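Examining the three-dimensional arrangement
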There are 2 protein chains.
Amino acid sequence: MSVAFLGPAQTFSHLVAKKRFPKRKLLPLPSIPEVVEYVRRHPLSSGIVPIENSSSGMIPETVDLLLDRSFSLCIREELALRVRLALLGRRGAKIKTLYSHAAPLYHCRNWIMQRFPEVQLRRVASTAEAARLASLEPASAALSTRDAAILYGLEVLEYPVADDTANLTQFFVLGHRPAGSGARETSLAVLLKEKVGSLCSFLEPFREEGLNLKRIVSHPVMGHPNTYFFFLSVQAPNTDPRFIQATEKAKKHTWEMRLLGSYPVRRPYSS
Amino acid sequence: MSVAFLGPAQTFSHLVAKKRFPKRKLLPLPSIPEVVEYVRRHPLSSGIVPIENSSSGMIPETVDLLLDRSFSLCIREELALRVRLALLGRRGAKIKTLYSHAAPLYHCRNWIMQRFPEVQLRRVASTAEAARLASLEPASAALSTRDAAILYGLEVLEYPVADDTANLTQFFVLGHRPAGSGARETSLAVLLKEKVGSLCSFLEPFREEGLNLKRIVSHPVMGHPNTYFFFLSVQAPNTDPRFIQATEKAKKHTWEMRLLGSYPVRRPYSS
């Protein structure tokens, strides 16, 4: 019954796992493919993978796995986590080095330039890793989360960091059995026929039925350059008569259409 | 007149830069935003950024920069590089550790399981970094490129690696002035009106004119969850009367439409 997530401790995946599954055993794994593989081998387990981030867009590693023909799990739920960044360090100490992930360093570049024009920026794998490294080095700080301050014994020097619009990360909970009731959204993997306008023709029946698309991305098919899979999420359950009608028509424009899950969407957690 | 690219030496970006600009000064930079920033500050320079990879899809960091309203450069060219992986190591030595980037480790997992069932896998930032690390450790090997073998004094133990379909990576050359003649493709940044079916309505005029889309991705707008920018490439120059006709109609369904460049597409290089 354990829940695997993309580790290490205090990643956004860990924060959302703690909020959603406070009583289940949480298992950090080092990569998204390993989370999927773990769930595949343990029929009672679940896995949490990030699908989209408001600062850096769709997560290609997750899209890649969902579109893989060997993917046999279901999307059971969509979760979201709203995170504001904090500046972590030691009060009164001079800051020579600032650690963070590439996305916050990029999005807060104006604030950094004004506040710390001389600081040396160090790009690391995650905001959690940034806090860990800052905890080892006296003249350093991290753009990270408040939770990481506690874990690594740092002080919150500033929160929220100006310039930072809240980062919303969306996640899928993966498991073996389809979600039960309450589904609001459905995700599909589609291989379109190679024909001019096929994406438009595929989308037309959804517009006719008044169904909204939430996200869409084209993804190359390995070994077949210029052939594309599409991953998309439609804002309706797969039991909705309009969805059934639309997919029946849309299917004609595809070589392949796979249901990845029809699932509830939970309200965003805050951290 | 230098050409900035995503370093370090022997990354795919470096390989394609050497093929395309053999006589220009090549400048490795540590991140995609820094490549863009360098070009912005040096009016005569160019920059090479990866846009899409057949093994891991669209590169979100590049899409993010292209969609940023402050992006003021032009896409001047599309390049492509076809790379086959090689197993690098020392002939006769036992292999206990195998280094590579996450994508090759994932896509070659069946081959790895059969050939090296006991090996310890180490995920690192790039295939070039994998070769560097393998060069420091006797009982290790790397899934990397043949060029990296020369740089780091390793032997090519196997090439191409079975299970590996050639990896095609596509790049944009960025610069200050629009591409001259020979344009074949046009990329756009689009902010659609929030209305059911707006993506379909936006695409319809392109289908009417018989114009093909090459890639499309929705990208969240920072600070506005559920509002999406779209990045797309259309297979026509922006001087094509059909393109002009289509974008004029399509524009009505957008709040914003920006031309990112209309540019030639070069035939893939091999490495």
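Residues numbered from 1 in each chain as written. Chains lettered and ligands numbered in written order. Predicted model: local features only at pLDDT ≥ 70, side-chain atom pairs only at ≥ 80, totals over all residues. Heavy atoms only, no water.

An unreviewed UniProt entry annotates chain A as prephenate dehydratase originating from Candidatus Methylacidithermus pantelleriae. Here is the UniProt Catalytic activity (unreviewed entry) comment for chain A, exactly as written: "prephenate + H(+) = 3-phenylpyruvate + CO2 + H2O". UniProt lists a comment for chain A under the heading Pathway (unreviewed entry), and it reads "Amino-acid biosynthesis; L-phenylalanine biosynthesis; phenylpyruvate from prephenate: step 1/1." (UniProt positions renumbered as here; feature names shortened; annotations may be inferred.)

Attention shifts here to the overall build of chain A. Helix and strand content of chain A: nine helices and 16 strands. Here the C-alpha coordinates of chain A stretch approximately 65 × 40 × 35 Å along the principal axes. Residues counted as buried form 58% of the 271 residues belonging to chain A. Taking as baseline every contact in chain A between residues at least 6 positions apart, the subset at least 24 positions apart corresponds to 76%. With the model as given, the accessible surface of chain A reaches about 11,700 Å², and the carbon-plus-sulfur share is 53%. Mean positive and mean negative side-chain charge positions of chain A (36 and 24 charges, respectively) differ by 5 Å. (Helix = DSSP H or I, 4+ residues; strand = E, 2+ residues; numbered from the N terminus. Buried < 20%, exposed > 50% of the residue type's maximum accessible area, 1.4 Å probe, protein only. Contact = heavy atoms within 4.5 Å. Areas by Shrake-Rupley, 256 points an atom, 1.4 Å probe, with all protein chains shown as cover. Lys, Arg positive; Asp, Glu negative; His and termini not counted. Charge placed at Lys NZ, Arg CZ, Asp CG, Glu CD.)

This part is about the packing of aromatic side chains. All names here are of chain A. Going through the model one piece at a time under the given rule, you end up with 10 aromatic pairs over all chains. Their ring planes at 75° and their centres at 5.9 Å tell us that tryptophan 111 and phenylalanine 116 sit as a pair that is edge-to-face. Across the pair, phenylalanine 116 and tryptophan 111 agree in class, each one buried. In this structure an aromatic cluster arises from ring pairing among Phe172, Phe231 and Tyr263. Above the plane of the ring of tyrosine 159 lies arginine 146, whose end atom (NZ or CZ) is 3.8 Å from the centre. Here the guanidinium or amino end of lysine 193 rests over the ring plane of tryptophan 255, the centre of that ring lying 5.2 Å away. (Phe/Tyr/Trp six-rings, centres within 6.5 Å; stacked < 30°, edge-to-face > 60°. Lys NZ or Arg CZ within 6 Å of the ring centre and 35° of its normal.)

Residues and elements named next belong to chain B. With mixed pairing, five strands are arranged side by side in an open sheet as β8-β7-β9-β6-β10. The outermost strands of the open sheet, each flanked by one partner alone, are β8 (120–123) and β10 (155–158). The sheet shows a mean angle of 30° between the axes of neighbouring strands, direction not considered. Where strand β7 (residues 97–100) meets strand β9 (residues 140–144), three bridges bridge the pair, whose relative direction is parallel. From the neighbouring strand, tyrosine 99 faces β9, where its bridge partner is alanine 142. Each of β6 (86–89), β7 and β9 is contacted by helix α6 (residues 127–135), which is oriented at about 160° to β9, the strand it contacts most. (Pairing = 2+ DSSP bridges. Axes fitted to C-alpha atoms, helices over the stretch in contact; angles between N-to-C directions.)

Bringing the side chain of serine 144 of chain B into the picture now. Residue and element names in this part refer to chain B. As for its position among the elements, serine 144 is in strand β9. Of the polar contacts made by the side chain of serine 144, one reaches the backbone oxygen of threonine 127; its length is 2.8 Å. Residues within four places of serine 144 in sequence aside, it is in contact with Arg84, Leu85, Ala86, Leu88, Thr127, Ala128 and Ala131. (Polar contact = N/O pair within 3.5 Å; in protein donor to acceptor, adjacent residues only side chain to side chain.)

Turning our eyes to something else, we now look at the nonpolar core. Counting residues in hydrophobic clusters, the biggest one holds 64 residues, and the most contacted among them are Phe172 and Phe231 of chain A together with Phe172 and Phe231 of chain B. Residues Val190 and Leu192 of chain A together with Val190 and Phe230 of chain B belong to the second largest nonpolar core, which totals 36 residues. (Core = buried A, V, L, I, M, F, W, Y, C linked by side-chain atoms within 4.5 Å.)

Turning to the relation of the copies chain B and chain A, a few remarks are in order. Mapping chain B onto chain A calls for a rotation angle of 180° and an axial translation of 0.0 Å; the resulting RMSD is 0.0 Å. Taken together, the rotation and translation relating the two chain copies correspond to the operation of a two-fold axis. Judged by C-alpha distance, valine 217 of chain B is the residue of chain B that lies nearest the rotation axis, at 2.2 Å. With an isologous cut-off of 70% or more, the 100% of interface residues of chain B that recur at the interface of chain A puts this contact in the isologous class. (Least-squares fit on C-alpha atoms with pLDDT ≥ 70 in both.)

Before going further, it helps to spend a moment on the domain arrangement of chain A. All names here are of chain A. Examined at the domain level, chain A breaks down into domain 1 (3–83 + 167–178), domain 2 (86–158) and domain 3 (185–263). Centre-to-centre, using C-alpha coordinates, domain 1 lies 26 Å away from domain 2. With seven residues of domain 1 at the contact, the number on the domain 2 side is eight residues. Where domain 1 packs against domain 2, one counts zero salt bridges. Counting across the domain 1 and domain 2 interface gives zero residue pairs in polar contact (both at pLDDT 80 or more). Of the residues assigned to the side of domain 1 that touches domain 2, the class counts are four nonpolar, three polar and no charged. (Domains from an automatic or database assignment. Salt bridge = Lys/Arg side-chain N within 4 Å of Asp/Glu carboxyl O. Nonpolar A, V, L, I, M, F, W, Y, C, P; charged D, E, K, R; others polar.)

With that settled, consider the interface of chain B and chain A. Contacts between chain B and chain A engage 54 residues on the former and 54 residues on the latter. Our count for the contact surface shared by chain B and chain A stands at six salt bridges. The closest approach of N and O atoms between arginine 109 of chain B and aspartate 68 of chain A, which form a salt bridge, is 4.0 Å. Where chain B meets chain A, there are 12 residue pairs in polar contact (both at pLDDT 80 or more). No other element matches strand β13 (residues 213–221) of chain B, which puts eight residues into the side of chain B that touches chain A. In terms of residue class, the side of chain B that touches chain A is built from 22 nonpolar, 18 polar and 14 charged.

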